[in-house]
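# Coordinates in review
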Amino acid sequence: MNSSANPPMGPVVTALAVAEGRHLLASRVFWSGLAIALLGTGVFIRSALAEESPTWDDDAWTMGVSFFLAAIFVMVAVNRAALRDRREHAVEQHEALPAPRSARVAGLFAGALWPAAVTSVLVGGGVLFAATRLDVPAVSALFVIHNAVLVLMLGAVGLVLATWMPSPFVAPVVAFALFLIAPGETPAAWHVIWPFATLETWGLAAWHIGYLLALALLFAAIASGRPDWRRGQTIVALMSGVAVVVSLTVLISGVCPPRGPCLL
Amino acid sequence: MSGIRLTGVSKRYGRVQALDGIDLSAERGITGLLGPNGAGKTTLLRVLATVQAPDAGSVELLGHDPADAEQRRSIRRRLGYMPQEPGFYDNFTVFEFVDYIAILKQLTDRRKRHDEVREVLGLVELTAEARRKVRDLSGGMRRRLALAQALLDRPDLLLLDEPTSGLDPAQRLRFRELVSQLPNRPVVLLSTHQTEDIAAVCERVVVIAAGRVQFDGAPDALRQVAVGRVWISDRPNAQTLLSWRSGDGTLRHVGEPPSGADLVEPTIDDAYLLLSGSSGGAS
């Protein structure tokens, strides 16, 4: 049954992604976030149906915030999954298994694609519904992709927190901080992850998605760098770090007013 | 297949010398590890499980050096480890938990992996509980679940730390049957306080105390250590290491007998007691 050469980790990561994704979808934390997203979508639909002249800009905001909050719940769910070994005192027996921690981090990161897919399908449904009632700009279709990468990125934040601050209290505190800034309309610090700040032009929206994706990869690389920081992780971290800086620069120059405070 | 070779292995935690120059080798078959609490058995198993590196000495497992990352991974692929206090994912079902461990053991073909999971659950008689949440299992069932994950992929090296603790008598007998009939006859190290288990299934027994090997031989040879040093009488004796009243009302003594003592056949417990030197450690 055993062969002498060590097999590659790719199939392990894929199998872990399936298992972790399934558990993320079944977690109560994810369902709590999903309930908020559904509530926000319901409010959006109701207001769109009730108003005489509803507009996408005014009414879709509720839905956008609710999915942003759902993504924060995914962050907490991923963090809890990553801390499972510590919580259940299973660290020792897992250290005796051949799959390294980096493979498990990669599996969890890829597992976050499941909640990303589920929430994005709902976002897509919301956008499609809106298109039947309102004048929805075509670029708003990117909200679906934006939501997916936002979930993935916040999932990676959950992984980083679990790796470098392995306490069950850290992620809820970070989540609370994100909740506090989520409903704001000011183009201040947090707008760099807020979709509607850039869903006005195709170019900016694309840069925004690229920015979030690079951020997700950067966080994932940092999360997998413990206990052993390897060359592959360094390369991913460096490349995604450069991509983050470039895309953020483009975003800031595109979104922020020329002389006004933007990222303060 | 090479088994395990330890030469001069030492491990210290602060002021505590957990292992003190252990020399040990083992090939296929079951070796029992006996020793009082704090003797170093669990530390020894952790070193063998590649989760802890020794401070000094050399370790070779299944022909590989665990100090090298790639070789360590090769060892881990062929290793089954049941720690003394295994951790479980309470929200997982029994099947999901073992399946998850199987993935981490690099069993990536889904169908084969699921067949393997079903097989090990069958071996430990947890098939009927496969869909139950781990949090709903009894202590004995959790013990068997820990054993199931250790048996995945027919390991060549199987390390079992107190596997029968918490099992009822029938389950312990079933465990003996299982571990003594493993199809690929792996190298098994069985750390336990249950001397009956040692006598029942082990071909060899190693007694450890204060981080050192005190005895290494067959269970019967261990018992021979106590021949002539166990006797019965109807009166207490101040020279005995330990004595207790048997069911028939006589006192059974272990230690240096007085002249003319009524000697009886010793057990492994008696010999272990004499080797470990005090009744306090023989829990």
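Residues numbered from 1 in each chain as written. Chains lettered and ligands numbered in written order. Predicted model: local features only at pLDDT ≥ 70, side-chain atom pairs only at ≥ 80, totals over all residues.

## With respect to the overall build of chain B
When its secondary structure is counted, chain B shows nine helices and 13 strands. A globule of 283 residues ought to have a C-alpha radius of gyration of about 19 Å, and chain B, at 21 Å, matches this closely. The principal-axis extent of the C-alpha atoms belonging to chain B is close to 70 × 45 × 35 Å. Burial status across chain B gives 47% buried among its 283 residues. Restricting to contacts in chain B with at least 6 residues of sequence separation, those with at least 24 account for 66%. (Helix = DSSP H or I, 4+ residues; strand = E, 2+ residues; numbered from the N terminus. Rg over C-alpha atoms; globule rule 2.2 N^0.38 Å. Buried ≥ 20, exposed ≤ 12 C-beta atoms within 10 Å, placed from the backbone. Contact = placed C-beta atoms within 7 Å.)

## Focus on the overall build of chain A
Helix and strand content of chain A: 11 helices and zero strands. Along chain A, helices and strands appear, N-terminal first, in the series α-α-α-α-α-α-α-α-α-α-α. For chain A, restricting intrachain contacts to residue pairs at least 6 apart in sequence, the fraction spanning at least 24 positions comes to 82%.

## Quick look at helix 1 (residues 10-26) of chain A
Residues spaced three or four apart along an α-helix face the same direction, because each turn holds 3.6 residues. A rise of 1.5 Å per residue sets the reference length of helix 1 of chain A, with its 17 residues, at 24 Å; its end C-alpha atoms lie 24 Å apart and thus fit the reference within 8%. Where helix 1 of chain A is buried, its residues meet helix 2 (28-50), helix 3 (56-82), helix 6 (101-111) and helix 7 (113-133) of chain A together with helix 3 (94-104) of chain B. (Expected span 1.5 Å × (residues − 1).)

## Re the pairing of strand 8 (residues 204-209) of chain B
Residues and elements named next belong to chain B. Where burial is concerned, most of strand 8 is hidden: five out of the six residues are buried. With five bridges connecting them, strand 8 and strand 9 (residues 212-217) associate as antiparallel partners. Paired with Val206 across the bridge in strand 9 is Asp216. Where strand 8 folds back on strand 9, the antiparallel hairpin that results is connected by two residues, among which Ala210 adopts a positive phi of roughly 50°. (Pairing = 2+ DSSP bridges.)

## Re the confidence of the model for chain B
All names here are of chain B. Model confidence for chain B is summarised by a mean pLDDT of 90, while 97% of its residues fall at 70 or above. At the level of individual helices and strands, chain B shows its lowest average pLDDT in strand 11 (residues 240-245), which scores 84, and its highest in helix 3, which scores 97. For residues 279-283, every residue scores under 50 in pLDDT, and the model assigns this stretch 13 contacts once sequence neighbours within four places are set aside. Interface scoring of the predicted complex returns ipTM 0.86; its pTM is 0.88. (pLDDT = per-residue confidence, 0-100.)

## A closer look at the interface of chain A and chain B
Between chain A and chain B, the contact holds 23 residues from the first and 27 residues from the second. Looking at the side of chain A that touches chain B, the elements with two or more residues in it are helix 1, helix 4 (84-87) and helix 5 (91-95) of chain A. Ranked by residues supplied to the side of chain A that touches chain B, first place goes to helix 1 of chain A with five residues. For the side of chain A that touches chain B, the per-class residue count stands at 12 nonpolar, six polar and five charged. (Nonpolar A, V, L, I, M, F, W, Y, C, P; charged D, E, K, R; others polar.)

## Some words on the sheet that holds strand 9 of chain B
All names here are of chain B. Pairing in this open sheet of six strands is mixed, and the strands run 5-6-7-3-8-9 from one edge to the other. Each edge of the open sheet carries a strand with a single partner, namely strand 5 (79-82) and strand 9. Direction aside, neighbouring strands of the sheet carry axes that sit 15° apart on average. Here strand 3 (residues 29-34) runs beside strand 7 (residues 187-191); their pairing, made up of five bridges, is parallel. Note on strand 7: the bridge partner recorded for Ile30 is Val188. Against the sheet, helix 5 (residues 139-151) contacts strand 5 and strand 6 (157-161), and its axis sits at roughly 165° relative to strand 5. (Axes fitted to C-alpha atoms, helices over the stretch in contact; angles between N-to-C directions.)

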